[in-house]
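Structural characterization, general
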Amino acid sequence: MKISAILFIFIAIVVGLALSQTFKQNNINWKQFQPLYTNKDDYVLIVDTRAKNVLKRSTNGGIDWSSNVLDTKGNVIYGNAGYYQRNDNIMVVNFPSFGKTQISVSNDAGVTFTTSQVFPYKVLSVSPHLDMDGLVIARSDKFILISEDFGLTWNNASSNGDILFTPGGSPFPSDPLWDPSEKSAVFFAILQTSTGSGAFSVSKDMGKTFKTLINGAVDMIYTDYYYYVGVIDALKGGNKLYVKSLMSVVASTMDGFLLCEFPFGEDVQPNDFRILDDSSGAIFMGISNSKDGESSNKRFGTVYVSNGAGNIFTLSVNHVSISANGYYDFMPLYGARGSYLYNRVSNYKDTTSAPVTMLSYISYDNGGRWNRLTPPTDMPCTVTTGPCKLNVHGLSAFVDKSRGYGPIYSIANAPGLILATGNANPALSADPIKSRVKTVLSTDNGQTWSKFFDEGTIYEFGNYGSSIIFATAMEDTMTFYYTFGLGQQPIAVNMKLQNNVDVINIITSPKNEGNKFIFLVEDSNDSGQMIGVDLTNVLPKACDDSMMQSYTTRCILGEKTTYRTVKPNTNCYMTQQAQISNEYCPCTVEDFECDIGFESADDSSADSDGNTGTSSSSEQLNCRVSLTSQYVPITEENCTPGQIYFKSKGFRRVAGSQCVNGVNATYSPEMVMCPSKHSSSGSKGWIAAVVIIIVLGGLGGFGFYVYKNPDVKQKLLRMVGLSKTGPKYSVIGIKPNSLADDEFGIEDDDAQILNDNDLQDNEDF
C-alpha cells in the first residue's frame with residue numbers, strides 16, 4: 001500500500017510535469033504575416049514584424065521558434081513583403097530601404113534557403129505554376145516578370161511594350177496569373193490598351209505575343225475549378241462576369257470563357273461578385289446589387305447559384321446575413337459535398353440600427369431545399385414566440401472583434417463533424433445575450449446536434465477530427481480545453497500566463513492530422529502573440545477498429561457517402577483520415593431545381609417550421625415561368641435553323657448531382673432540332689451551340705480562397721498557405737472608382753414563422 005501510494009504520487013507528478021510542457025508563449029507578432037505550415041512535418045515559418053521582419057522557424061509545430069533563419073551563406077533572412085509556397089518550394093521576399101529586392105528560396109520545405117538579389121524593382125503578387133516546378137509569374141509596377149527557378153532569377157516579359165492595366169481608382173495594376181487548365185507556360189494578364197481600358201489577354205509564348213480575349217476587364221481570379229474575369233461594359237454600361245470551367249472543355253470564341261447570365265435586369269448592377277463556394281460543381285455567388293453604384297442594403301445580400309458550366313445563374317436564397325465589412329454567413333460543409341449552412345435575416349424589413357436577427361438553415365442538395373436546425377435536447381428554448389430551433393453564428397460574428405464567436409466550422413478530413421456557437425430559440429440576435437451563447441457539435445453533418453460546451457468558444461480539430469482544442473470566446477483567459485473522442489468531458493489547462501489574453505483563433509497543420517496547435521492571441525494592448533500547444537504527452541491510445549463506427553449520409557447530390565468515425569464517448573485518437581466510400585442514388589426531385597426563367601409554383605415557400613421546398617423524394621417539383629425574370633431562353637422562335645438546342649421543361653439538374661435513372665427523364669430538357677423555316681443571327685447560333693456543350697459539360701469545385709475588403713476594393717489578394725483566419729471565398733471586384741487592398745497581401749418571408757416585429761427588438765435572443 002505504501003509503495004503503491006508512492007508510485008501513484010510519482011506518476012501524478014510525472015503527468016503534471018508532462019502537461020506543463022505542452023504549451024509555450026512566444027512574443028511573436030502574427031497580425032501581419034500569419035504562420036506558414038510547410039510540407040515538412042512540424043515545420044512552420046513566420047515573418048516577425050516585431051523583430052524587424054526577420055524570418056523565424058519552428059521545427060516542432062509552433063512550440064519553439066528560432067531567433068532567426070539563416071541562408072546557406074549565413075545571412076539573416078528578412079521578409080517584409082511576405083512569403084509564397086508551392087509544394088516544397090518557398091519564396092520569401094524582402095524590399096530593403098535601398099538597393100535590389102532580396103529573395104530567399106527554399107526547395108526543401110523550409111529546411112535550407114538560398115538568397116539572391118534581383119531587379120531594382122519590387123517583385124509583387126507572385127503566382128506559382130500549378131504543374132511546372134519552379135515556374136512563377138509576378139509583377140513589378142506595370143511589368144510582367146517570369147522566373148523559372150522559383151524566384152532566384154527573373155525575366156521581364158513586358159520587354160515588348162505590353163504593360164499591365166491599372167483599374168480606375170486603384171493605385172495598383174492587375175496581377176498576371178497562370179492558366180491553371182494548362183500544363184504548359186500559358187498565362188493571362190489584363191493589359192493596358194491604347195484607349196486606356198483593360199484587355200484580358202492570353203500569352204502562350206512567355207509574353208512574346210498576346211491575344212485579346214475580353215475587352216473592358218478590370219479583375220480576375222481562379223479557384224481549383226473555375227477562372228473568373230470581372231468586366232465593365234464601356235458600350236452598354238454595367239458590370240459583367242465571365243467564367244471558364246477548368247474541369248471540362250467548353251468551346252467558345254474566347255478560349256473557353258462564357259458570359260454569365262443573371263435573372264436581374266441591366267438596370268440593377270452588382271457591386272462585386274463574391275465567390276462563396278464552387279466545390280459542388282455549381283458556383284454560389286454572393287451579389288450586392290445596386291442602382292447608381294450604391295448598395296441597396298448593408299445588412300443582407302442575395303446568393304445566386306449556377307448551372308454546371310458556371311455561366312447561367314438562378315436565385316438561391318435571399319436576405320443572407322452579411323457583416324459590416326462584407327462577409328456572408330453562407331458556408332459549405334467541408335467533407336460533405338453539396339451541403340451548406342446559412343443565416344437568413346428575419347427582420348430584413350427593419351430600417352433602424354437595431355441588431356439583425358437570424359435564422360439558420362441547412363441544405364443537402366446544393367441549396368435546392370433548406371431546413372431549420374434541430375436543437376440539442378439539453379438546450380431548451382427560453383423564448384416561446386416561435387418554433388424552438390438551433391441558430392448558429394457565421395463568419396459575420398467571427399470577424400467582428402466585439403464578438404469573435406466561433407463560426408460554423410467543418411474540415412474536409414473529418415466528414416460529418418461540425419462545430420458552431422449559437423443558441424436554441426426562434427432566432428439569434430447579432431448582439432445576443434452572452435449567457436445564452438453555447439458551443440454545439442454535430443457528428444452527422446448537421447442532422448442532429450449536442451451541446452458541446454456551456455459558453456461560446458473558438459476551436460480547432462486535430463487528429464483527423466478525433467480531438468478538439470478550444471478556449472472561451474466570451475472574455476480574456478489563460479485557460480484552454482481539449483478533449484478526445486468527441487463525447488468525453490473536456491480537460492481544462494491553466495497556462496499560468498502573466499496576464500489573460502484574448503484568443504482570436506486557433507490553427508494547426510492544413511490537414512488537421514496532428515496534435516500541435518498555435519493559439520493566435522492578443523494581449524491587453526491588442527498586440528499579437530502566439531502560444532504553441534502540444535498534446536502529444538496527453539494522447540490516449542490510438543483508435544482501433546472496435547472503437548470506430550460507420551455512418552452513411554442520406555443521398556446528397558445523387559450519392560450516399562459512408563465514412564468511419566470514432567464512436568461516441570470513446571477515448572482514443574485517429575492516426576489516419578476516415579475511410580470514405582460512395583454509392584450512386586436514383587434521381588429524385590431533390591436532384592432538380594427550377595431552371596433560369598422559372599420559379600417555384602408552390603404558393604408557400606416555407607412550412608410552419610420555416611423549411612423551404614419539398615422534402616420528400618416522392619413529391620413533384622412544380623416550376624412556372626417567372627414574370628420578373630429578364631432571361632430570354634432559346635426557343636424555336638429565336639433558334640438558329642437546322643441547329644439542335646435543349647428545350648427546357650422548367651427544370652434543370654442540380655449542378656454536380658451524380659444521380660442515375662429515377663425521375664431523370666421526367667425533368668431533363670428535351671433535345672430539339674430548330675425548324676429550318678426560322679432564321680436567326682449567327683451570334684444566337686453560337687449561343688445555342690455553347691448551350692449544348694454546357695449541358696453535356698462538367699463540374700466544378702472550390703479549392704482556393706482569397707481575402708477581399710469591400711470598402712477598399714479592386715485589388716485581388718491571393719492567399720497562399722494561410723489558415724482559416726480569413727473568409728473562405730474569393731471576390732471579383734468590378735467597381736471603376738475604388739481603392740486596392742494592401743499591396744503586400746500574401747496572403748420568402750417567414751411570416752408563417754414569426755412576425756418580423758416580434759424579432760427586431762426582442763432582447764431575449
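Rules behind the numbers
Residues numbered from 1 in each chain as written. Predicted model: local features only at pLDDT ≥ 70, side-chain atom pairs only at ≥ 80, totals over all residues. Heavy atoms only, no water. Helix = DSSP H or I, 4+ residues; strand = E, 2+ residues; numbered from the N terminus. Buried < 20%, exposed > 50% of the residue type's maximum accessible area, 1.4 Å probe, protein only. Areas by Shrake-Rupley, 256 points an atom, 1.4 Å probe, with all protein chains shown as cover. Pairing = 2+ DSSP bridges. Disulfide = S-S within 2.5 Å. Salt bridge = Lys/Arg side-chain N within 4 Å of Asp/Glu carboxyl O. Phe/Tyr/Trp six-rings, centres within 6.5 Å; stacked < 30°, edge-to-face > 60°. Patch = residues over 30% accessible without salt bridge, like charges linked within 9 Å, V, L, I, M, F, W, Y side chains within 5 Å. Axes fitted to C-alpha atoms, helices over the stretch in contact; angles between N-to-C directions. Polar contact = N/O pair within 3.5 Å; in protein donor to acceptor, adjacent residues only side chain to side chain. Contact = heavy atoms within 4.5 Å. Core = buried A, V, L, I, M, F, W, Y, C linked by side-chain atoms within 4.5 Å.

When helices and strands are counted, the protein chain shows five helices and 53 strands. Put simply, the protein chain has 765 residues, and 58% of those count as buried. With an accessible surface of roughly 31,000 Å², the protein chain has 50% of that area assigned to carbon and sulfur atoms.

Taken together, the four strands give an open sheet; going across it, the order is β17-β18-β19-β20, and neighbouring strands pair in antiparallel fashion. The open sheet has two edge strands with one neighbour each: β17 (217–222) and β20 (258–259).

Our focus in this paragraph is the state of the cysteines. What the rule picks out here adds up to six disulfides. With its sulfur 2.1 Å from that of its partner, Cys543 forms a disulfide with Cys572. Measuring the twist about the S-S bond at about 90°, one finds the Cys543-Cys572 disulfide to be right-handed. A residue pair is termed long-range when its members are at least 10 positions apart, and Cys543 in the loop between β42 (541–542) and β43 (548–552) and Cys572 in strand β45 (residues 572–573) qualify at 29 residues. The exposure classification of Cys543 matches that of Cys572, with both residues buried. The disulfide partner of Cys555 is Cys585, and the S-S distance across this bridge is 2.1 Å. Taking the torsion about the S-S bond as the criterion, the Cys555 to Cys585 disulfide, at about -90°, is left-handed. Of the two residues, Cys555 sits in the loop between β43 and β44 (559–566) while Cys585 sits in the loop between β46 (580–584) and β47 (592–594), which places them 30 residues apart along the sequence. For Cys555, a relative accessible area of 28% translates into the label partly exposed.

Per the stated rule, a full pass over the model turns up 15 salt bridges. Note that Lys24 and Asp64 form a salt bridge whose closest N and O atoms lie 2.7 Å from each other. Of the two residues, Lys24 is situated in strand β1 (residues 23–26) and Asp64 in the loop between β4 (54–58) and β5 (83–86); the sequence distance between them amounts to 40 residues. You can call Lys24 partly exposed: its relative accessible area is 36%. You can call Asp64 partly exposed: its relative accessible area is 34%.

This paragraph deals with the packing of aromatic side chains. Tallying each qualifying case throughout the model produces 36 aromatic pairs. Consider the rings of Phe188 and Tyr227, whose centres lie 4.9 Å apart with planes at 75°: the pair is edge-to-face. Of this pair, Phe188 sits in strand β14 (residues 187–192) while Tyr227 sits in strand β18 (residues 226–232), and the two are 39 residues apart along the sequence. The exposure class of Phe188 is buried, given its relative accessible area of 0%. Classification of Tyr227 by relative accessible area gives buried; the value is 0%. Look at Phe480 and Phe519: their rings are 5.7 Å apart centre to centre, the planes differ by 55°, and that puts the pair in the tilted class. Here Phe480, found in strand β37 (residues 479–484), pairs with Phe519, found in strand β40 (residues 516–522); they are 39 residues apart in sequence, far enough to count as distant. Each member of the pair, Phe480 as well as Phe519, is classed as buried.

On to a nonpolar patch on the surface, then. On the surface, Leu70, Val76 and Tyr78 cluster together into a nonpolar patch covering about 220 Å² of accessible area. Locating Val76 in the fold gives a position in the loop between β4 and β5. Judged by its relative accessible area of 30%, Val76 falls in the partly exposed class.

Our next topic: the sheet that holds strand β36 (residues 467–472). Spatially, the four strands line up as an open sheet ordered β35-β36-β37-β38, and their pairing is antiparallel. Across the chains shown, the open sheet's two edge strands, defined by having one partner strand only, are β35 (457–462) and β38 (491–494). The average undirected angle you get between the axes of adjacent strands in this sheet is 25°.

This brings us to the side chain of Ser203. Mapped onto the fold, Ser203 is located in strand β15 (residues 198–203). At a separation of 3.0 Å, a polar atom in the side chain of Ser203 contacts the main-chain carbonyl oxygen of Thr209. In this structure Ser203 touches Ala185, Val186, Phe187, Lys208, Thr209 and Phe210, once residues within four positions along its chain are discounted.

Time to look at unusual backbone geometry. If you check the backbone angles, Asn463 has positive phi at about 50° while not being a glycine. Along the chain, Asn463 falls in the loop between β35 and β36. Looking at Asn463, the relative accessible area reads 2%, which means it is buried. If you check the backbone angles, Tyr464 has positive phi at about 55° while not being a glycine.

The next subject is the environment of Thr59. Considering the arrangement of structural elements, one finds Thr59 in the loop between β4 and β5. A relative accessible area of 46% places Thr59 in the partly exposed class. Excluding anything up to four places from it in sequence, Thr59 contacts Asp42, Tyr43 and Asp64.

On to the nonpolar core. Formed by 57 residues in total, the largest nonpolar core has its most connected members in Ile468, Ile469, Phe480, Phe519, Ile531 and Leu535. Not counting the four nearest positions on each side in its chain, Ile469 is found in contact with Ile458, Tyr459, Glu460, Phe480, Tyr481, Tyr482, Ile506, Phe517, Phe519, Val533 and Leu535. One finds Phe33, Tyr37, Ile46 and Ile77 within the second-largest nonpolar core, a separate group that totals 21 residues.

Scope: geometric values only; no functional claims are made or implied.
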